[in-house]
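A closer look at the structure
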Amino acid sequence: MGWMRVEIDRDVLRNNLRVVKRLIPQRTGIAAVVKSGAYGHGMIETARVFVQEGVETLAVSLPHEGVELRDAGFTHPVLLLGGFFIEEAETVVKNGLSPVVSCAESIDALAEAACKLDRAVKVHLKVDTGMGRRGCGEGELKELLNCIAGHRELVLEGLLSHLSVADLEGEDAREYTLSQLERFQHIVEWVRSAGFNPKWIHIANSAAIVRYPQSHHTLVRPGIVLYGGLEGFEQAREAMRVSSRLIEVRRVKKGASLSYGRTFVAPRDMLLGIVPVGYATGYLRGYSNKGAMLVGGKRVPIVGTVCMDLTLLDLSDVPEAQLGDEVVLLGQQGDQRISVFELAQWLGTITYEVFCLLGNNPFGEKVYW
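The sections below set out a description of the structure shown in this document. (Residues numbered from 1 in each chain as written. Predicted model: local features only at pLDDT ≥ 70, side-chain atom pairs only at ≥ 80, totals over all residues. Heavy atoms only, no water.)

Turning our attention to the overall build of the protein. Each helix and strand counted, the protein has eleven helices and 20 strands in total. Accessible surface for the protein amounts to roughly 16,200 Å². Of this, 49% is attributable to carbon and sulfur atoms. The centroid of the 40 positive side-chain charges in the protein is displaced by 4 Å from the centroid of its 44 negative side-chain charges. (Helix = DSSP H or I, 4+ residues; strand = E, 2+ residues; numbered from the N terminus. Areas by Shrake-Rupley, 256 points an atom, 1.4 Å probe, with all protein chains shown as cover. Lys, Arg positive; Asp, Glu negative; His and termini not counted. Charge placed at Lys NZ, Arg CZ, Asp CG, Glu CD.)

Right under this line is the structure:
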């Protein structure tokens, strides 16, 4: 089975998408975000589920992900969120991807490639309303719209922006998000008044879909909510379960130091379990001496420093544990559950990172139900 087993429940993915559909107007489309291996859930299999459920488009980050979808037989529209290098313009055009653009250089490169290949390209123009990452400024908007319009090979299919704190609590975050939404609405109105009418208007990420219905426009971009990792939103459930097995079980005496750095010294005689996961498989050193895994339906604490490919567990409360027993890192075992939110809290990070680290690790198998 490899060092780790990553199980993905397709029914949970379907349920989560249907939850999103219930939150948005019937006329609003969905761009299901499957970038970065669908946040560790596997891009191809996850995309199949979402296409079967009727999403309007699939959203990836980089051109090679779009090519992978095309090579797998997907004919659905593919939105390229992360951009492309100039030399990748032909790849974008050849594979019928819909890139997000925010500068004249990339627009010109697409037009040149489209002319060479005798194809039209649908583009989405991104405006920065306060994320401070990709996106043109409002002062550049007119120039770029005219640049797109000046190339007969290009079609302005979408207008978008991105929210930076929609997932955060507190009045400051709410006020900032509302200010971004207001700015975007003004931009949309100006673009339409200037004679442009893009089909897809979109700014809503997962948190905005749930918390800011005024953000929905004609398209939404659910990502983490599809995988059950949106904090405080229990209607969407975790689709991923991650497990391994005990590779060794042995007894250690009181006073024994365990793992690198002697960060843990046995306070008593203990039953020690060793599981073949570590930072090489996405289970990071930040979990050292904190957090837990599940063995025999019980929570067992992590002891000592997490190694590259081994982690130590205190099995003293599971005396029946033996070599080969299942160990659950994420998910349910018996009446106990370790959630992605707990794992993120123990590591001091966000659920996105936990899913990507565990789901995209190269040393295990991925199984779909």
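That was the structure; now back to the text.
Glancing now at the side chain of serine 215. Along the chain, serine 215 falls in the loop between helix 9 (206-211) and strand 9 (219-220). Reaching out from serine 215, the side chain makes a polar contact with the backbone oxygen of alanine 208 at a distance of 3.5 Å. Apart from the residues within four sequence positions on either side, serine 215 is in contact with Leu181, Ile203, Ala204, Ala208 and Ile209. (Polar contact = N/O pair within 3.5 Å; in protein donor to acceptor, adjacent residues only side chain to side chain. Contact = heavy atoms within 4.5 Å.)

In total, this model carries five aromatic pairs according to the counting rule given. On the basis of an interplanar angle of 25 degrees and a centroid distance of 5.0 Å, the ring pair of tryptophan 3 and phenylalanine 363 is categorised as stacked. You can see tryptophan 3 sitting in the segment before strand 1 (4-8) and its partner phenylalanine 363 sitting in the loop between helix 11 (351-359) and strand 20 (364-368), a full 360 residues away along the chain. Note on tryptophan 3: relative accessible area 32%, which makes it partly exposed. Considering the side-chain rings of tyrosine 283 and tyrosine 287, the 4.3 Å spacing of their centres and the 25 degrees angle between planes classify their relative orientation as stacked. For the pair shown, tyrosine 283 and tyrosine 287 are each scored as buried. Joined through ring pairs, the aromatic side chains of Tyr39, Phe50, Tyr227 and Tyr352 make up one cluster. (Phe/Tyr/Trp six-rings, centres within 6.5 Å; stacked < 30°, edge-to-face > 60°. Buried < 20%, exposed > 50% of the residue type's maximum accessible area, 1.4 Å probe, protein only.)

Of note, glycine 139 is situated in the loop between strand 6 (121-126) and helix 7 (141-149). Glycine 139 sits in the exposed class, given a relative accessible area of 78%. Separated by 60 residues in sequence, glycine 139 and leucine 79 have C-alpha atoms that sit 25 Å apart.

Further remarks concern the environment of glutamine 322. Along the chain, glutamine 322 falls in the loop between strand 17 (311-314) and strand 18 (326-333). Taking the C-alpha atoms as reference points, glutamine 322 and glycine 273, 49 residues apart in sequence, are found 8.5 Å from one another. Residues in contact with glutamine 322, not counting those within four places in the same chain, are Leu246 and Val249.

Our next topic: the sheet that holds strand 3 (residues 57-60). For sheets, the rule is that strands pair by backbone hydrogen bonds, running either parallel or antiparallel. Spatial strand order, 8-7-6-5-4-3-2-9: eight strands in an open sheet with parallel pairing. If you trace the sheet from one side to the other, it starts and ends with strand 8 (200-202) and strand 9, each paired once. With three bridges connecting them, strand 3 and strand 4 (residues 78-80) associate as parallel partners. Looking at strand 4, one finds that valine 60 is bridged to leucine 80. (Pairing = 2+ DSSP bridges.)

Counting residues in hydrophobic clusters, the biggest one holds 114 residues, and the most contacted among them are Phe50, Leu110, Tyr283 and Leu313. Broken down by element, this core gets its largest block of residues, six residues, from helix 6 (residues 104-117). Those residues in contact with phenylalanine 50 that sit more than four places away from it in its chain are Leu13, Leu17, Ala32, Val34, Val55, Leu226 and Tyr227. (Core = buried A, V, L, I, M, F, W, Y, C linked by side-chain atoms within 4.5 Å.)

Bringing helix 7 into the picture now. Burial in helix 7 covers these residues: Leu141, Leu144, Leu145, Cys147 and Ile148. Looking straight down helix 7, one finds that the buried residues subtend no more than 160 degrees of arc, so they occupy a single side. Within helix 7, the exposed residues directed more than 90 degrees away from the buried face are Lys142, Glu143 and Ala149. In this fold, the buried residues of helix 7 make contact with strand 5 (98-101), helix 6, strand 6, strand 7 (154-160) and helix 8 (171-193). (Arc of directions from axis to C-beta.)

A few words on the pattern of salt bridges. Under the defined criterion, the tally for this structure stands at 16 salt bridges. Arginine 14 serves as the salt-bridge partner of aspartate 11, at 2.9 Å between the closest nitrogen and oxygen. Remark: arginine 14 and aspartate 11 occur in helix 1 (residues 10-23); sequence separation between them is three residues, near one turn of the helix. For arginine 299, the salt bridge is made with glutamate 342, and the minimal N-O distance between the two is 2.9 Å. Taken together, the residues arginine 299 in strand 16 (residues 298-303) and glutamate 342 in helix 10 (residues 340-347) connect sequence positions 43 residues apart. Residue classification places arginine 299 among the partly exposed residues on the basis of a relative accessible area of 30%. (Salt bridge = Lys/Arg side-chain N within 4 Å of Asp/Glu carboxyl O.)

Residues three or four positions apart in an α-helix share a direction because the helix packs 3.6 residues into each turn. Taken as a whole, helix 3 (residues 43-52) has its buried residues at Met43, Ile44, Thr46, Ala47, Val49 and Phe50. Check the buried side of helix 3 and you find it contacts helix 1, strand 2 (29-33), helix 2 (35-39), strand 3 and helix 4 (63-71). Immediately downstream of helix 3, the backbone of glycine 54 shows phi near 90 degrees, a positive value.

One non-glycine residue, serine 36, lies in positive phi territory at about 50 degrees. Note on serine 36: relative accessible area 36%, which makes it partly exposed. Despite not being glycine, asparagine 289 shows a phi value in the positive range, around 60 degrees.

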